[in-house]
Amino acid sequence: TEELKVYADHPVLKTGNLREIGSYLISIDGKIRENYEMIFFADHQGNYRTSTGSQGNIADRDYFQEIMVKGKEWATSEMLISRASGQPIVTMAQVVRDDLKRPQGVVAITLRLETISYIVDGIQIGESGYAMIVDKDGLVLAHPDPNLRMKMRLQDSAKIGYVGVDQTAIDMHS
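These lines cover the structure that appears in this document, whether it is placed above or below. (Residues numbered from 1 in each chain as written. Predicted model: local features only at pLDDT ≥ 70, side-chain atom pairs only at ≥ 80, totals over all residues. Heavy atoms only, no water.)

With that settled, the discussion passes to the overall build of the chain. Counting its secondary structure elements, the chain contains six helices and eleven strands. Based on the C-alpha atoms only, the size of the chain along its principal axes is roughly 55 × 35 × 25 Å. Within the chain, buried positions represent 44% of all 174 residues. Across the chain, every contact between residues at least 6 apart in sequence was considered, and the portion connecting residues at least 24 apart equals 40%. Counting only carbon and sulfur atoms, one obtains 52% of the accessible surface of the chain, whose full area is about 9700 Å². (Helix = DSSP H or I, 4+ residues; strand = E, 2+ residues; numbered from the N terminus. Buried < 20%, exposed > 50% of the residue type's maximum accessible area, 1.4 Å probe, protein only. Contact = heavy atoms within 4.5 Å. Areas by Shrake-Rupley, 256 points an atom, 1.4 Å probe, with all protein chains shown as cover.)

What follows is about helix α3 (residues 18–28). Residues that lie three or four places apart on an α-helix share one face, since the helix turns once every 3.6 residues. Among all positions in α3, only Leu 18, Ile 21, Gly 22, Tyr 24, Leu 25 and Ile 28 are buried. Within α3, the buried residues cover an arc of 165 degrees as seen down the axis, which keeps them to one side. Residues of α3 that are buried in the fold lie against α1 (2–8), α2 (11–15), β1 (36–43) and β2 (47–50). If you check the start of α3, you find a side-chain oxygen 3.1 Å away from the backbone N of Arg 19, and it comes from Asn 17. (Arc of directions from axis to C-beta. Polar contact = N/O pair within 3.5 Å; in protein donor to acceptor, adjacent residues only side chain to side chain.)

This part takes up the nonpolar core. If you look at the biggest cluster of nonpolar residues, it comprises 27 residues, and the most contacted ones within it are Tyr 7, Leu 13, Leu 25, Ile 28, Ile 39, Phe 41 and Val 107. At the level of elements, α1, α3, β1, β6 (88–97), β7 (103–112), α5 (113–121) and β11 (140–142) are the ones that each hand at least two residues to this core. The element best represented in this core is α3, accounting for five residues. By size, the runner-up hydrophobic cluster in this structure holds 15 residues, among which are Phe 40, Ile 58, Leu 80 and Ala 108. (Core = buried A, V, L, I, M, F, W, Y, C linked by side-chain atoms within 4.5 Å.)

A word on the pattern of salt bridges. One pass over the full model with this rule turns up nine salt bridges. In this structure, the salt-bridge partner of Asp 156 is Lys 159, at a minimum N-O distance of 3.6 Å. Salt bridges here are not isolated pairs; linked through shared partners, they connect Asp 9, Lys 14 and Asp 99. (Salt bridge = Lys/Arg side-chain N within 4 Å of Asp/Glu carboxyl O.)

Right, let's get into empty space enclosed by the protein. In total, this model carries one cavity of 30 Å³ or more according to the counting rule given. Its volume calculated, the largest cavity comes out at about 90 Å³. Across the lining of the largest cavity, the residue classes tally to eight nonpolar, four polar and two charged. (1 Å grid on protein atoms, 1.4 Å probe; cavity = no way out; pocket = protein on both sides within 12 Å on 5 of 7 lines; lining within 4 Å. Points joined across faces, edges and corners; volume = space filled by probe spheres on them. Nonpolar A, V, L, I, M, F, W, Y, C, P; charged D, E, K, R; others polar.)

Among the ten residues in β7, eight count as buried, and that is most of the element. In this sheet, β7 lies alongside β1 in antiparallel orientation, the contact comprising seven bridges. For Asp 43, the partnering residue across the bridge sits in β7 and is Gly 105. Bridge count for β6 against β7 is nine bridges, and the pairing is antiparallel. Each residue of the ladder has a partner; that of Thr 91, found in β7, is Thr 110. Here β6 hands over to β7 after five residues, with Lys 101 in that stretch at a positive phi of 70 degrees. (Pairing = 2+ DSSP bridges.)

Structural data, given as structure tokens:
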């Protein structure tokens, strides 16, 4: 996103100094969009600091590998569980480069599952239809019924009364 590019170009992030970056991110926590769970920076080794004060390592995450190993400018994760908060999220990440264009790490924002579900809840199809989001394996990520989020697989949907939806899962993999 354009917003990530602005953060990626911030002088403090371009230094790669985790201590300074952590302090900066905490100072802007109340200023980031309310639909973001947090913003974070991870150095080239995957060590991160967040706007909520959390820290850890994400070197094994696919979006981090896409940027820092494969050289992409940005990446988006699949739905995953945040290491910082324990909540289901989607992460959008952008490479951070110093003034000599060397990668220093990634800056990322996380979107809560609730935010994504809220957006999907507003979509009505016909008179009684609704939208949902599923991952590549058929796991329901966003659905008007919060009891189904991250719990129901399309393959098993007929067992709880969603007739014909299981065929969609079969079609996804054929």
